[in-house]
Amino acid sequence: MKKLVLIMSVAAILSACGSAVKLDNVPVEDKAGQAVSGSGATGNAGDGSGVAKSNVTSVALDKNAQDPALSAALKTVYFDYDSFVIRSEFQSTIEAHAKYLKADKSRKVNIEGHTDERGGREYNLALGQKRAEAVRKALQVQGVSDAQMEAISYGKEKPAVLGNSESALEKNRRAEFSYR
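Residues numbered from 1 in each chain as written. Predicted model: local features only at pLDDT ≥ 70, side-chain atom pairs only at ≥ 80, totals over all residues. Heavy atoms only, no water.

Quick look at the overall build of the chain now. Scanning the chain for helices and strands turns up 5 helices and 4 strands. When the helices and strands of the chain are listed from N to C terminus, the series reads α-α-β-α-β-α-β-α-β. The burial tally for the chain puts 27% of its 180 residues in the buried class. In the chain, once contacts between residues fewer than 6 apart in sequence are set aside, the share between residues at least 24 apart is 66%. A total of about 12300 Å² of accessible surface is found on the chain, and carbon and sulfur atoms cover 56% of it. (Helix = DSSP H or I, 4+ residues; strand = E, 2+ residues; numbered from the N terminus. Buried < 20%, exposed > 50% of the residue type's maximum accessible area, 1.4 Å probe, protein only. Contact = heavy atoms within 4.5 Å. Areas by Shrake-Rupley, 256 points an atom, 1.4 Å probe, with all protein chains shown as cover.)

Right under this line is the structure:
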(Lines give C-alpha, C1' and ligand atoms only; values in the text may rest on other atoms or scores of the structure.)
Protein backbone atom coordinates (compact mmCIF):
# COMPACT_ATOMS: atom_id res chain seq x y z
CA MET A 1 0.00 0.00 0.00
CA LYS A 2 2.82 2.40 0.85
CA LYS A 3 4.51 1.65 -2.47
CA LEU A 4 1.31 2.45 -4.36
CA VAL A 5 0.90 5.79 -2.57
CA LEU A 6 4.55 6.62 -3.19
CA ILE A 7 4.32 5.76 -6.89
CA MET A 8 1.14 7.83 -7.29
CA SER A 9 2.64 10.84 -5.51
CA VAL A 10 5.81 10.69 -7.65
CA ALA A 11 3.66 10.45 -10.80
CA ALA A 12 1.59 13.46 -9.68
CA ILE A 13 4.73 15.52 -9.00
CA LEU A 14 6.28 14.61 -12.34
CA SER A 15 3.10 15.39 -14.27
CA ALA A 16 2.98 18.81 -12.59
CA CYS A 17 6.49 19.50 -13.91
CA GLY A 18 5.40 19.08 -17.52
CA SER A 19 4.61 22.11 -19.67
CA ALA A 20 2.61 22.58 -22.84
CA VAL A 21 4.47 25.77 -23.77
CA LYS A 22 6.44 25.38 -26.98
CA LEU A 23 9.80 27.14 -26.77
CA ASP A 24 10.89 26.53 -30.37
CA ASN A 25 9.29 29.59 -31.93
CA VAL A 26 8.79 32.19 -29.21
CA PRO A 27 7.83 35.65 -30.54
CA VAL A 28 10.32 38.32 -29.51
CA GLU A 29 9.59 42.02 -29.18
CA ASP A 30 12.03 44.88 -28.79
CA LYS A 31 11.57 47.59 -26.15
CA ALA A 32 9.38 49.60 -28.51
CA GLY A 33 6.92 46.69 -28.72
CA GLN A 34 7.70 45.81 -32.34
CA ALA A 35 8.14 42.20 -33.35
CA VAL A 36 11.72 41.21 -34.14
CA SER A 37 12.15 38.92 -37.11
CA GLY A 38 14.04 35.69 -36.78
CA SER A 39 13.27 32.11 -36.06
CA GLY A 40 14.42 31.93 -32.46
CA ALA A 41 17.65 30.84 -30.86
CA THR A 42 17.86 27.60 -32.79
CA GLY A 43 16.78 28.96 -36.17
CA ASN A 44 18.74 28.69 -39.36
CA ALA A 45 20.30 31.71 -41.00
CA GLY A 46 19.91 30.14 -44.44
CA ASP A 47 23.62 29.62 -44.88
CA GLY A 48 23.76 26.13 -43.42
CA SER A 49 25.40 27.31 -40.20
CA GLY A 50 22.43 26.59 -37.95
CA VAL A 51 22.76 30.03 -36.36
CA ALA A 52 20.03 32.65 -36.49
CA LYS A 53 20.89 36.12 -37.73
CA SER A 54 20.79 38.71 -35.00
CA ASN A 55 20.21 42.44 -34.80
CA VAL A 56 22.46 42.70 -31.74
CA THR A 57 24.99 45.50 -32.03
CA SER A 58 28.56 44.70 -31.15
CA VAL A 59 30.33 46.40 -28.26
CA ALA A 60 33.28 48.61 -29.09
CA LEU A 61 36.09 47.52 -26.82
CA ASP A 62 37.96 50.80 -27.36
CA LYS A 63 35.48 52.57 -25.09
CA ASN A 64 36.35 50.20 -22.24
CA ALA A 65 40.09 50.51 -22.78
CA GLN A 66 40.11 53.64 -20.61
CA ASP A 67 38.36 51.80 -17.78
CA PRO A 68 41.02 50.95 -15.15
CA ALA A 69 38.85 48.17 -13.75
CA LEU A 70 39.06 46.36 -17.09
CA SER A 71 42.66 47.14 -18.01
CA ALA A 72 45.18 44.66 -16.61
CA ALA A 73 48.06 47.10 -17.12
CA LEU A 74 46.50 49.62 -14.74
CA LYS A 75 45.58 47.21 -11.94
CA THR A 76 48.96 47.16 -10.21
CA VAL A 77 51.23 49.64 -8.43
CA TYR A 78 54.77 48.35 -7.82
CA PHE A 79 57.03 49.32 -4.92
CA ASP A 80 60.75 49.38 -4.20
CA TYR A 81 62.31 46.91 -1.75
CA ASP A 82 61.26 47.51 1.86
CA SER A 83 59.24 50.61 0.87
CA PHE A 84 55.65 51.76 0.78
CA VAL A 85 56.29 55.01 -1.09
CA ILE A 86 54.35 55.24 -4.35
CA ARG A 87 56.72 55.83 -7.25
CA SER A 88 55.94 58.77 -9.56
CA GLU A 89 55.52 56.47 -12.57
CA PHE A 90 52.31 55.11 -10.99
CA GLN A 91 50.67 58.50 -10.41
CA SER A 92 48.69 58.17 -13.66
CA THR A 93 47.40 54.78 -12.49
CA ILE A 94 46.20 56.32 -9.23
CA GLU A 95 44.54 59.19 -11.13
CA ALA A 96 42.77 56.79 -13.53
CA HIS A 97 41.32 54.75 -10.65
CA ALA A 98 40.30 57.92 -8.79
CA LYS A 99 38.46 59.21 -11.86
CA TYR A 100 36.77 55.83 -12.32
CA LEU A 101 35.64 55.66 -8.68
CA LYS A 102 34.47 59.28 -8.54
CA ALA A 103 32.35 58.77 -11.67
CA ASP A 104 30.12 56.30 -9.80
CA LYS A 105 29.89 56.47 -6.01
CA SER A 106 28.44 52.94 -5.87
CA ARG A 107 31.70 51.37 -7.08
CA LYS A 108 33.90 49.81 -4.41
CA VAL A 109 37.49 48.63 -4.55
CA ASN A 110 39.75 46.46 -2.44
CA ILE A 111 43.36 47.58 -2.49
CA GLU A 112 45.47 44.49 -1.85
CA GLY A 113 48.99 44.98 -0.50
CA HIS A 114 51.64 42.35 -1.29
CA THR A 115 55.34 41.81 -0.53
CA ASP A 116 58.12 39.60 -1.80
CA GLU A 117 59.13 36.49 0.15
CA ARG A 118 61.93 38.12 2.13
CA GLY A 119 61.18 38.87 5.78
CA GLY A 120 58.96 37.30 8.40
CA ARG A 121 55.24 36.77 8.11
CA GLU A 122 54.23 39.55 10.54
CA TYR A 123 56.66 42.05 9.00
CA ASN A 124 55.38 41.34 5.49
CA LEU A 125 51.74 41.60 6.56
CA ALA A 126 52.50 45.01 8.09
CA LEU A 127 54.43 46.17 5.00
CA GLY A 128 51.65 44.96 2.68
CA GLN A 129 49.13 46.87 4.78
CA LYS A 130 51.25 50.04 4.57
CA ARG A 131 51.42 49.68 0.78
CA ALA A 132 47.66 49.24 0.49
CA GLU A 133 47.07 52.20 2.84
CA ALA A 134 49.47 54.39 0.82
CA VAL A 135 47.45 53.74 -2.33
CA ARG A 136 44.17 54.26 -0.44
CA LYS A 137 45.39 57.62 0.88
CA ALA A 138 46.56 58.67 -2.58
CA LEU A 139 43.07 57.92 -3.92
CA GLN A 140 41.53 59.81 -1.01
CA VAL A 141 43.66 62.87 -1.86
CA GLN A 142 42.25 62.63 -5.40
CA GLY A 143 38.71 62.90 -3.96
CA VAL A 144 37.61 59.27 -3.66
CA SER A 145 35.28 58.58 -0.73
CA ASP A 146 36.78 56.46 2.03
CA ALA A 147 33.59 54.36 2.03
CA GLN A 148 34.43 53.14 -1.48
CA MET A 149 37.84 51.70 -0.53
CA GLU A 150 39.23 48.97 1.68
CA ALA A 151 42.94 48.29 2.23
CA ILE A 152 43.88 44.63 2.73
CA SER A 153 47.28 43.01 3.23
CA TYR A 154 48.24 39.56 2.00
CA GLY A 155 51.94 39.97 2.79
CA LYS A 156 53.92 37.28 0.99
CA GLU A 157 51.01 34.80 0.88
CA LYS A 158 49.89 35.47 -2.73
CA PRO A 159 52.94 35.95 -4.96
CA ALA A 160 52.31 37.13 -8.51
CA VAL A 161 55.45 35.33 -9.73
CA LEU A 162 57.19 32.35 -8.18
CA GLY A 163 60.96 32.37 -7.88
CA ASN A 164 63.90 34.03 -6.16
CA SER A 165 65.19 36.12 -9.05
CA GLU A 166 65.22 39.88 -8.65
CA SER A 167 62.63 40.29 -11.43
CA ALA A 168 60.29 37.84 -9.67
CA LEU A 169 60.74 39.63 -6.35
CA GLU A 170 60.03 43.01 -8.03
CA LYS A 171 56.71 41.72 -9.44
CA ASN A 172 55.62 40.58 -5.96
CA ARG A 173 56.16 43.99 -4.27
CA ARG A 174 52.84 45.48 -5.29
CA ALA A 175 49.38 46.79 -4.50
CA GLU A 176 46.53 45.57 -6.70
CA PHE A 177 43.08 47.00 -7.36
CA SER A 178 40.25 44.51 -7.04
CA TYR A 179 36.78 45.89 -7.80
CA ARG A 180 33.77 44.30 -6.17
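In this section: the side chain of Thr-93. Looking at the secondary structure, you find Thr-93 in helix 3 (residues 91–103). For Thr-93, a relative accessible area of 5% translates into the label buried. If we ignore the near neighbours within four places in the chain, the residues touching Thr-93 are Leu-74, Thr-76, Val-77 and Phe-177.

The description of two aromatic rings rests on the distance between their centres and on the angle between their planes. Within this structure, the stated rule accounts for 2 aromatic pairs. Ring centres 6.0 Å apart and planes at 55 degrees place the aromatic pair Tyr-78 and Phe-90 in the tilted group. One end of the pair, Tyr-78, is in strand 1 (residues 76–78); the other, Phe-90, is in the loop between strand 1 and helix 3, with 12 residues separating them in the sequence. Seen in terms of ring centroids, Tyr-100 and Tyr-179 are 5.1 Å apart; in terms of plane orientation they differ by 90 degrees. Their pairing is edge-to-face. Here Tyr-179 lies in strand 4 (residues 174–179) and Tyr-100 lies in helix 3, a separation of 79 residues in the sequence. In terms of burial, Tyr-100 and Tyr-179 fall into one category: buried. Note that Lys-158 overlies the ring of Tyr-154, its terminal NZ or CZ placed 4.2 Å from the centroid. A cation over an aromatic ring shows up here: Lys-171 above the ring of Tyr-78, its NZ or CZ 5.1 Å from the ring centre. (Phe/Tyr/Trp six-rings, centres within 6.5 Å; stacked < 30°, edge-to-face > 60°. Lys NZ or Arg CZ within 6 Å of the ring centre and 35° of its normal.)

Right, let's talk about unusual backbone geometry for a bit. Leave glycine aside and you will find that most residues have negative phi; peptide bonds, for their part, are mostly trans. In the Ramachandran plot, Asp-82 falls in the positive-phi region, its phi being about 55 degrees despite a non-glycine side chain. Tracing the backbone through its elements, the reader meets Asp-82 in the loop between strand 1 and helix 3.

Time to look at helix 3. Look at helix 3: 18 Å from first C-alpha to last across 13 residues, which is about the 18 Å you get at 1.5 Å a residue. By the burial criterion, the buried members of helix 3 are Thr-93, Ile-94, His-97, Ala-98, Tyr-100 and Leu-101. For helix 3, the arc enclosing every buried residue in end-on projection is 165 degrees, short of the 170-degree limit, so these residues lie on one face. Turned more than 90 degrees away from the buried face of helix 3 sit Lys-99 and Ala-103, all of them exposed. (Expected span 1.5 Å × (residues − 1). Arc of directions from axis to C-beta.)

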